[in-house]
Amino acid sequence: MHGDGIIFVLSYNSRSDKGEQTCMKLHEYQSKQIFARYGIPIPKGRVAATAAEAKQIAEELGGRAVIKAQVLVGGRGKAGGIRLAKSPEEAEDLATQILAMDIKGLPVRKVLVDEAANIEKELYLGITNDRAARRPVLIASASGGVDIEEVARKNPEQIHRVHIDPLLGLRDYQWRDVAVGMDLSKEHWRTFGAIAQGLWRVYIDHDATLAEINPLVITNRNQLLALDGKMTIDDNALFRHPDLAEMRDLDVEAPSEIEARKYGLTYIKLDGNIGCMVNGAGLAMTTMDVIKLFGGEPANFLDIGGGAGAEKVAAALRIILSDPNVKAVLFNVFGGITRGDEVARGILSALDEVKTDIPMVVRLAGTHAEEGRHLLAAADMVTAETLADAAQKVVALAKGEKVR
Amino acid sequence: MSILIDKNTRLLVQGITGSEGSFHTRQMLEYGTNIVAGVTPGKGGDWVLDGKIPVFDSVKMAVEATGANTSVIFVPARFAPDAIFEAADAGIPLIVCITEGIPVQDMMRVRIYLDQKNVRLIGPNCPGLLTPGESNVGIIPGDISMPGSIGVVSRSGTLTYEVLAALKQHGMGVSTCVGIGGDPINGTNFLDCLKMFEEDPYTEKVVLIGEIGGTDEERAAEYIADHMTKPVASFIAGQTAPPGKRMGHAGAIVEGGSGLAEDKIRALQEANVRVARHPEEIPELLV
């Protein structure tokens, strides 16, 4: 069976641009600190927020050190965010430069100062969820250090994977099969097994959706070392990991998305000019699709969720209107748990507060939709019976046309 | 006239005394669903909903006393996996979990355990099941659909309501509507439901409502091409969703080259499925 898991692992590097957060990402230094607690060997080093600290850490490491930008995007190396310092003074210089950088729009706030390793060979080792197989998958390759997505595409035979029964855990024979597959020299088996088992525990104990070591290097002293580390954590599991929840890096999220989360809303800003407010994720995506079908461009995805009351609706409207591109707004609410009259009241109270002349179309259906429509008709708003009708009206309004 | 639930369903509600549980139990009861018991640990011995429904401390006790054969779960996410295990261990063969936000690793363990016990789970993060005129198990508003011969299966909640209402508007009734839920790992997928609809003598046509993320729609298309004799119409949500963004549903994320709406639509069309441009178009495609 073709696993989705590999796609997920690989996508971390190529698509981890600003705002694209599916799960909470940890920084390299945070991931490696966790790895170390599980017996996975990592380079000596510490994180620094200033160049002076970086210099001191480099001194402690004996002078030679790697300075690594801690930002949650791929391609740090190419952007000049990973540099080798040969002395504490150079470490200070490089840290000054790197701490002043923006990488793909993200400010570098910390650098990791690690002992420089002499690398003989670079491997890859990761564990992630394979959605199609409905279980975790351990993935390994003897061709690590590079973009593993490239390896999977060009040389799929160099990718070794084994599915793990979540009720049984990673069995030793499973990592041995992988070690044999990647032609790992027998002298490294013991350590490799300990690292694989450590990574499995890391993945389970932190509700990770990805725990990845790339590269896992063999040094010139023939030791295995996790040179770089990545973890993503299941947002739904953060309730049992308060320590991890605190590590969330808000730089990767747009301020409006953070604001939305405070109210229990899911908001994603897009590039169009028609704001949308919808209940339910599937219907919210559909509303965007139908706007596009009738020639418009959605400005956002916004799901107010089930059972949203007036206050939540008002917050949602404020967030939508905080986007200066928005030229018209469509409310599409199919009542089930959510009541149409509650939504109508929310819209009206939000309009009282926000005071905008941006035109709006409201389409209410389902529970208490009739009452809601009456409330809005009294306020002289454009209403629509069907989704297609609503979309055509809002597209016309966004183009500056008159609609009744 | 249906799959999974009908008038013989003897329903148990886990989390019956919570706010969501009690609200929806009332709705289901008003619809005519045969609700025989509720479970809230610590509240055993109470009678709720105007003294109509007995509450038990455990699923096992409820099953022994009432012969419940289906359970619907309204328990908060952190307790929901345990509620599912409890229902399975008490011998309930069909569990419908409405709860949203269950950690994915919990669901992996749940799914493997249930597979070994041969227990069917619908959901989680789903609106549940509706066999119009007979039984409503979950949160689908009953009045937006009527009895008939169209089987509906969907990954979404309110989008499903949209389609049910459009069908009713066109005088089209439904045999059973199955909301399989929007999570990446769920108990029942499109394939399972298509098989059941294909075998159900009362279902004549099928509507499949999918969305971006995963490859379930593609696998459904393969099954339809190879095994389905009944016509299928479909809508796929998320055609305009940008890659890499999570659109509310944990499942609704476009992953790299797979999971795209256009790939799913192409696969379905190649299987002779008529794919609607918007949900209100579906009734026309079934004529």
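For clarity, every value in this text was computed on a predicted model and none was experimentally measured.

1. Points about the overall build of chain A
Secondary structure summary: chain A contains 14 helices and 19 strands in total. Its C-alpha atoms put chain A at 80 × 50 × 40 Å along the principal axes. Evaluated residue by residue, chain A yields a buried proportion of 52% over its 404 residues. Looking at chain A alone, contacts between residues at least 24 apart form 71% of all its contacts between residues at least 6 apart.

2. Looking at the overall build of chain B
Scanning chain B from N- to C-terminus turns up nine helices and 14 strands. Relative to the compact-globule value of 19 Å for 287 residues, chain B shows a C-alpha radius of gyration of 18 Å, a close match. Over its C-alpha atoms, taken along the principal directions, chain B stretches across nearly 55 × 40 × 30 Å. In chain B, which comprises 287 residues, the proportion classed as buried is 59%. Expressed as a percentage of contacts within chain B between residues at least 6 apart in sequence, the contacts between residues at least 24 apart total 72%.

3. Re the domain arrangement of chain B
Interfaces are often sized by the amount of accessible area the parts lose when they come together. Residue and element names in this part refer to chain B. Examined at the domain level, chain B breaks down into domain 1 (11-122) and domain 2 (140-286). The centre of domain 1, based on its C-alpha atoms, is set 26 Å off from the matching centre of domain 2. Contacts between the two partners involve nine residues from domain 1, matched on the other side by eight residues from domain 2. Put simply, the parts of the chain that give the side of domain 1 that touches domain 2 at least two residues each are α4 (104-117) and β7 (120-122). In terms of residues, the side of domain 1 that touches domain 2 owes the most to one element, α4, which gives five residues.

4. So, the environment of B:A165
Secondary-structure assignment places B:A165 in helix α5 (residues 158-169). The exposure class of B:A165 is buried, given the 20 C-beta atoms found within 10 Å. Sequence-wise, B:A165 and B:M146 are 19 residues apart; in three dimensions their C-alpha atoms are separated by 9.3 Å. Among residues more than four places away in sequence, those in contact with B:A165 are A:A365 and B:I144.

5. Here we look at the sheet that holds strand β4 (residues 53-56) of chain B
The pairing of strands in a sheet happens through backbone hydrogen bonds and is either parallel or antiparallel. All names here are of chain B. Read across the sheet, seven strands follow the order β3-β4-β2-β1-β5-β6-β7 without closing on themselves; strand pairing throughout is mixed. Strands with a single pairing partner mark the edges of an open sheet, and in this sheet they are β3 (47-48) and β7. One ladder, built from four bridges, connects strand β1 (residues 11-14) with strand β2 (residues 35-39); its direction is parallel. Looking at β2, one finds that V13 is bridged to G38. Strands in contact with helix α1 (residues 19-31) are β1, β2, β3 and β4; relative to β2, the strand with the most contacts, it is inclined by about 175 degrees. Contacting β1, β5 (70-73), β6 (94-97) and β7, helix α3 (residues 80-89) crosses the sheet at an angle of about 165 degrees to β6.

6. Structural notes on the domain arrangement of chain A
The domains assigned to chain A are domain 1 (1-43 + 118-250), domain 2 (44-116) and domain 3 (255-398). On a C-alpha basis, the centroid separation for the pair domain 1 of chain A and domain 3 of chain A is 41 Å.

7. Topic: the packing of helix α12 (residues 340-354) of chain A against helix α13 (residues 369-378) of chain A
Residue and element names in this part refer to chain A. Running from N to C, α12 and α13 point in directions that differ by 25 degrees, and their axes come no closer than 6 Å. With respect to α13, the axis of α12 lies roughly parallel. Between α12 and α13, the residues in contact are G340, D341, V343, A344, R345, I347 and L348 and A369, E371, G372, L375 and L376, respectively. Among the residues making up the contact of α12 with α13, the classes are represented as seven nonpolar, two polar and three charged.

8. What to know about the packing of helix α7 (residues 216-227) of chain B against helix α8 (residues 261-270) of chain B
All names here are of chain B. Running from N to C, α7 and α8 point in directions that differ by 5 degrees, and their axes come no closer than 8 Å. Considering the angle they form, α7 stands roughly parallel to α8. In this structure, α7 contributes E217, E218 and A221 to the contact, and α8 contributes D263, K264, A267, L268 and E270. Considering only residue class, the contact of α7 with α8 consists of three nonpolar, no polar and five charged.

9. Observations regarding the confidence of the model for chain A
Residues and elements named next belong to chain A. Summarising the model, chain A shows a mean pLDDT of 88, and 94% of its residues fall at 70 or more. Of all secondary-structure elements in chain A, the lowest mean pLDDT belongs to helix α1 (residues 5-14), at 33, while helix α7 (residues 189-205) reaches the highest, 98. Between residues 1-21, whose pLDDT stays under 50, and residues either more than four places distant or in other chains, the model counts 69 contacts.

10. Structural notes on the pairing of strand β18 (residues 360-366) of chain A
Put simply, side chains in a regular strand alternate between the two faces of the sheet. All names here are of chain A. Burial analysis of β18 places seven of its seven residues in the buried class, which makes it a mostly covered element. By the bridge criterion, seven bridges tie strand β17 (residues 328-335) to β18 in an arrangement that is parallel. By the bridge assignment for β18, G335 is matched with G366. In this region the chain leaves β17, passes through α12 and returns to the parallel neighbour β18; the handedness of that crossover is right-handed. Read from β18 through α13 to strand β19 (residues 382-383), the crossover connection turns out right-handed.

11. Considering helix α6 (residues 172-181) of chain A
All names here are of chain A. Within α6, burial applies to W175, V178 and A179. The buried residues of α6 occupy an angular sector of 100 degrees when the element is viewed end-on, so they sit on one face. Looking at α6, the residues exposed on the side facing more than 90 degrees away from the buried face are Y173 and V180. Structurally, α6 contributes buried residues whose contacts are with β9 (135-141), β10 (159-163) and α7. Phi turns positive one or two residues past the end of α6, at D183, with a value near 60 degrees.

12. Overview of the sheet that holds strand β13 (residues 232-237) of chain B
Residues and elements named next belong to chain B. An order of β9-β8-β11-β10-β12-β13-β14 is seen for the seven strands of this open sheet, with the pairing classed as mixed. Taken across any chain shown, the strands that pair with only one partner, and hence form the sheet edges, are β9 (135-138) and β14 (274-275). α8 rests against β12 (205-211), β13 and β14 of the sheet, and its axis sits at about 175 degrees to β13.

13. A word on the pairing of β1(B)
All names here are of chain B. The two faces of β1 match: L11 and V13 on one face and L12 and Q14 on the other face are all buried. Note that β1 and β5 share four bridges and pair parallel. Directly across from V13, in β5, lies its bridge partner V72. Following the backbone out of β1, through α1 and into the adjacent parallel β2, one traces a crossover that is right-handed.

Rules behind the numbers
Residues numbered from 1 in each chain as written. Chains lettered and ligands numbered in written order. Predicted model: local features only at pLDDT ≥ 70, side-chain atom pairs only at ≥ 80, totals over all residues. Helix = DSSP H or I, 4+ residues; strand = E, 2+ residues; numbered from the N terminus. Buried ≥ 20, exposed ≤ 12 C-beta atoms within 10 Å, placed from the backbone. Contact = placed C-beta atoms within 7 Å. Rg over C-alpha atoms; globule rule 2.2 N^0.38 Å. Domains from an automatic or database assignment. Pairing = 2+ DSSP bridges. Axes fitted to C-alpha atoms, helices over the stretch in contact; angles between N-to-C directions. Parallel < 35°, antiparallel > 145°, perpendicular 65-115°, else oblique. Nonpolar A, V, L, I, M, F, W, Y, C, P; charged D, E, K, R; others polar. pLDDT = per-residue confidence, 0-100. Right-handed = clockwise from strand over helix to strand, strands pointing away. Arc of directions from axis to C-beta.

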